[in-house]
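# Structural description and commentary
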Amino acid sequence: MADTPPSLYAAREPIFPRRVTGFFRSFKWWIMGLTLGIYYLLPWVRWDRGPNLPNQAVLADLEHRRFFFFWIEIWPHEFYFVAGLLIMAGLGLFLFTSALGRVWCGYACPQTVWTDLFLLVERWVEGDRNAQLRLHKSKWNLKKLRLRVSKWLIWLAISVATGGAWVFYYTDAPTLAVNLVNLSAPPVAYISIAILTATTFIFGGFMREQVCIYMCPWPRIQAAMMDEGTLTVGYREWRGEPRGKNRKGAKATAAAQAATVYDYANLPEADQGTGDCIDCMACVNVCPMGIDIRGGQQMECITCALCIDACDDIMDKIGKPRGLIDYLALEDVPPAPDSPERATWKPRPIWRHVLKPRTILYTALWSAIGAGLVFALFVRSDIELTVSPVRNPTYVMQSDGSIRNIYDVRLRNKSGDDRLFHLSLTSDDTLRIALEGTETLSVLVPANQTLLQRVYVTARRNDPAASTDRTDLRLWVEDLSTQTRTSAATIFNGKEE
């Protein structure tokens, strides 16, 4: 019987990160609180836009095909604003990755934020790493069932709140909340909440690092954004190796701990034959990805910097300077194991890592697009029109020999009041204009709406435009209350002789 070939897949080993304190862990708490606060609370912020407009500060109004962001209102034909923001987001991601590695993944990515929140709940219910390991290895009993069910119920509540907050961005939040409770909300609302609840519960609770490793494409793209000058979390192997069980001795003085990480000339003589790393595994135990940063740069590392906090704490305890694990660039690493520069090696200042041609280029592009969007936002008018010639037929010959063209004109009133729009035209030839449904050249356009108006343009029999294939003309619209004007160019088709 042939041997069964080995499986190419390995079962997931659960990761139970140990609790850690320090600068980067505190910074991550602040980022988590800020991002979750914005996400959950923003739909409830009110913004008075006047009559006939929603008063929700941030609203993607799919029913009326508009997007509201505080004082900014984006109409469907202004999708270039959204496209510009997406391009800025992409360039911003490239910029931060080029300068600081996967800083987005480590601090602000939704997967990271919700995973941190779920880990916080897990520690609160089950205890820290050692208690979680004991619970994981123990057989199922009443205590284990109680702890697991309690944790899952809290996770589920967070997941439901996550899905509920998302749908509030698409309609008036207080109204939808009441309808959800009364079971009178649209089915799509319940379906959206259910899908987001399931994905948040599974991704944040059970798949965690697997989402970052296998599902997210960014770990495989980031290498193109990074170079030897990119700051990322790394291990100073030249300082830590060979590892040994060093213990704090009498020679570890306050002056030693205060000395710079790199200036070993001012530090007490180190233990013979060993580096600063005591192989305590603290950096591995706190890693949410379950990797050992001492093994070098790895695709799984999200540069959350928790290993820096853990290592600094150990260095303080054994009387060694901080920075064994730190934010560093490859070009800061001494070039050879026997280099005499190791004792006084000075890394490049942080600003020189950040200010380099690539990041300057990204910043310039990002700023140019942002400035263009701001300029477009402030110069746009409250009235707009688009002209679409009716091409079937191209023109109509009337009984008196005159030639008439038909146009569908969309008049857009972006103000909060009904406005009277007056239409006119300019051309090198004598042309007459008329509106369907009214004897005047003015039409009332409701507030925050688009009105489709059919317009007739006629050239008399003896006018040059009647016998010319194409005649340029421009349709004008004027808001009679503000005297604001705008126009659109089109052509008049005559009967070519």
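Now for a quick tour of the structure. Position labels on residues start from 1 in each chain and follow its written sequence. Given that this is a predicted model, residues contribute local features only at a pLDDT of at least 70 and side-chain atom pairs are listed and counted only at 80 or more, while totals for whole chains, interfaces and linings are drawn from all residues. Based on all heavy atoms of the structure, the side-chain values leave hydrogens and waters out of the count.

### As for the overall build of the protein chain
Runs of H or I in DSSP of at least four residues are treated as helices and runs of E of at least two as strands, each being numbered from the N terminus. Assigned secondary structure in the protein chain consists of 16 helices and 14 strands. Throughout, radius of gyration means the C-alpha value; the globule benchmark is 2.2 Å times the number of residues raised to the power 0.38. Relative to the compact-globule value of 23 Å for 497 residues, the protein chain shows a C-alpha radius of gyration of 33 Å, a clear excess of over 25%. Dimensions of the protein chain, computed from the C-alpha atoms along their principal axes, are close to 110 × 65 × 60 Å. Within the protein chain, contacts between residues at least 6 apart in sequence are counted, and of these 70% link residues at least 24 apart. In these tables, accessible area is a Shrake-Rupley quantity obtained with a 1.4 Å probe, and a residue counts as shielded only by the protein chains included in the view. Just so you have it, the protein chain exposes about 27,300 Å², and 62% of that area is on carbon and sulfur atoms. Counting rule applied: Lys, Arg positive; Asp, Glu negative; His and chain ends not counted. Taken as the charge centre is NZ of Lys, CZ of Arg, CG of Asp or CD of Glu, depending on the residue. Side chains of the protein chain give 54 positive and 50 negative charges; the mean places of these two sets differ by 8 Å. By definition in these notes, contact holds between two residues if any of their heavy atoms fall within 4.5 Å.

### Details of the packing of aromatic side chains
We describe a pair of aromatic rings using the distance from one ring centre to the other and the angle between the two ring planes. Note on aromatic pairs: the rings of Phe, Tyr and Trp (six-membered ring only in Trp) are paired at centre separations within 6.5 Å, and the planes decide the class, stacked below 30 degrees, edge-to-face beyond 60, tilted for the rest. In the structure shown here, the tally under the stated rule is 21 aromatic pairs. Pairing F94 with Y362 gives two aromatic rings, centres 6.1 Å apart and planes at 50°, and the pair type is tilted. Linking F94 in helix 2 (residues 79-100) with Y362 in helix 16 (residues 357-379), this pair joins segments that are 268 residues apart in sequence. Per-residue accessibility, obtained with a 1.4 Å probe over protein chains only, is compared with the maximum for each type, and a residue is labelled buried under 20%, exposed over 50%, and partly exposed between these values. Relative accessible area serves as the criterion here: at 28%, F94 is assigned to the partly exposed category. In this structure Y362 comes out as buried when scored by relative accessible area, which is 13%. Measuring from centroid to centroid gives 5.6 Å for W155 and F206, while their planes differ by 85°, and the two rings are edge-to-face. With W155 in helix 6 (residues 142-167) and F206 in helix 8 (residues 187-207), this pair connects stretches of sequence that are 51 residues apart. Judged by its relative accessible area of 35%, F206 falls in the partly exposed class. Members of the aromatic cluster, each reached through a chain of ring pairs, are F23, F24, F27, Y107 and Y327.

### Describing the pattern of salt bridges
The salt bridge criterion pairs a side-chain nitrogen of Lys or Arg with a carboxyl oxygen of Asp or Glu, the two atoms within 4 Å. Evaluated as defined, the whole model comprises 26 salt bridges. The shortest N-O distance in the salt bridge between K356 and D227 comes to 2.9 Å. Here D227 lies in the loop between helix 10 (218-225) and strand 4 (232-235) and K356 lies in the loop between helix 15 (350-354) and helix 16, a separation of 129 residues in the sequence. For K356, a relative accessible area of 10% translates into the label buried. With a shortest N-O distance of 2.6 Å, D276 and R239 are connected by a salt bridge. Within this pair, whereas D276 is found in the loop between helix 12 (254-258) and helix 13 (282-285), its partner R239 is found in helix 11 (residues 237-240), the two being separated by 37 residues in sequence.

### A word on the nonpolar core
Core analysis: the largest hydrophobic core is formed by 40 residues, its most contacted members being V233, I308 and I325. In contact with I308, not counting residues within four places along its chain, are F24, V233, I325, D326 and Y327. One finds L425, L431, L435 and F492 within the second-largest nonpolar core, a separate group that totals 25 residues. Nonpolar cores are built from buried Ala, Val, Leu, Ile, Met, Phe, Trp, Tyr and Cys residues. Side-chain atoms within 4.5 Å join them into one set.

### Notes on the pairing of strand 12 (residues 449-459)
Two strands are counted as paired when DSSP detects at least two bridges linking them. Across 11 bridges, strand 8 (residues 403-413) lies against strand 12 in antiparallel orientation. When the sheet's bridge partners are listed, R410 is paired in strand 12 with L452.

### Observations regarding the packing of helix 4 (residues 110-126) against helix 5 (residues 129-137)
In contact at an axis separation of 9 Å, helix 4 and helix 5 are set at 75° when each is read in the N-to-C sense. Judged on the interaxial angle alone, helix 5 and helix 4 are roughly perpendicular. Two secondary-structure elements touch here, helix 4 through E122, R123 and E126 and helix 5 through A131, Q132 and L135. Polar here means any residue outside two lists: the nonpolar Ala, Val, Leu, Ile, Met, Phe, Trp, Tyr, Cys and Pro, and the charged Asp, Glu, Lys and Arg; Gly therefore counts as polar. Across the contact of helix 4 with helix 5, the residue classes tally to 2 nonpolar, 1 polar and 3 charged. Structural elements are reduced to axes, namely lines fitted to C-alpha atoms, with helices fitted over the stretch in contact, and the angle between N-to-C directions of any two is expressed from 0 to 180 degrees. For classification purposes, an angle smaller than 35 degrees is called roughly parallel, one larger than 145 roughly antiparallel, one from 65 to 115 roughly perpendicular, and anything else oblique.

### Here's the deal with the sheet that holds strand 1 (residues 58-61)
Taken in spatial order, the 3 strands make up an open sheet running 1-2-3, and their pairing is antiparallel. A single partner strand is all that each edge strand has here, and the edge strands are strand 1 and strand 3 (72-74). Between one strand axis and the next, the sheet turns by 10° as a mean value, whatever way the strands run. Where strand 1 and strand 2 (residues 66-69) come together, 4 bridges link them in antiparallel fashion. Note on strand 2: the bridge partner recorded for A60 is F67.

### Quick notes on the environment of G50
Topologically, G50 is positioned in the loop between helix 1 (23-41) and strand 1. Sequence separation between G50 and R485 is 435 residues, and the spatial gap between their C-alpha atoms is 23 Å.

### Thoughts on the side chain of T359
Mapped onto the secondary structure, T359 falls in helix 16. What makes T359 buried here is its relative accessible area of 2%. Separated by 2.9 Å, the side chain of T359 and the backbone oxygen of K356 make a polar contact. Beyond its immediate sequence surroundings of up to four residues, T359 is in contact with L95, S98, A99 and V354. Between N or O atoms, a polar contact is any pair within 3.5 Å; within protein, one atom must be a potential hydrogen donor and the other a potential acceptor, and residues adjacent in sequence are included only when both atoms are from side chains.

### Digging into helix 6
Over its 26 residues, helix 6 extends 38 Å from the first C-alpha to the last, a length consistent with the 38 Å expected when each residue adds 1.5 Å. The complete set of buried residues in helix 6 reads K144, L147, R148, K151, W155, I158, S159, T162, G163, G164, A165 and V167. In the core, the buried residues of helix 6 are packed alongside helix 1, helix 4, helix 5, helix 7 (173-181) and helix 8. In this structure N141 caps helix 6, since a side-chain oxygen of it lies 3.2 Å from the backbone nitrogen of K143. In this scheme, a helix's expected span is set at 1.5 Å multiplied by one less than its residue total.

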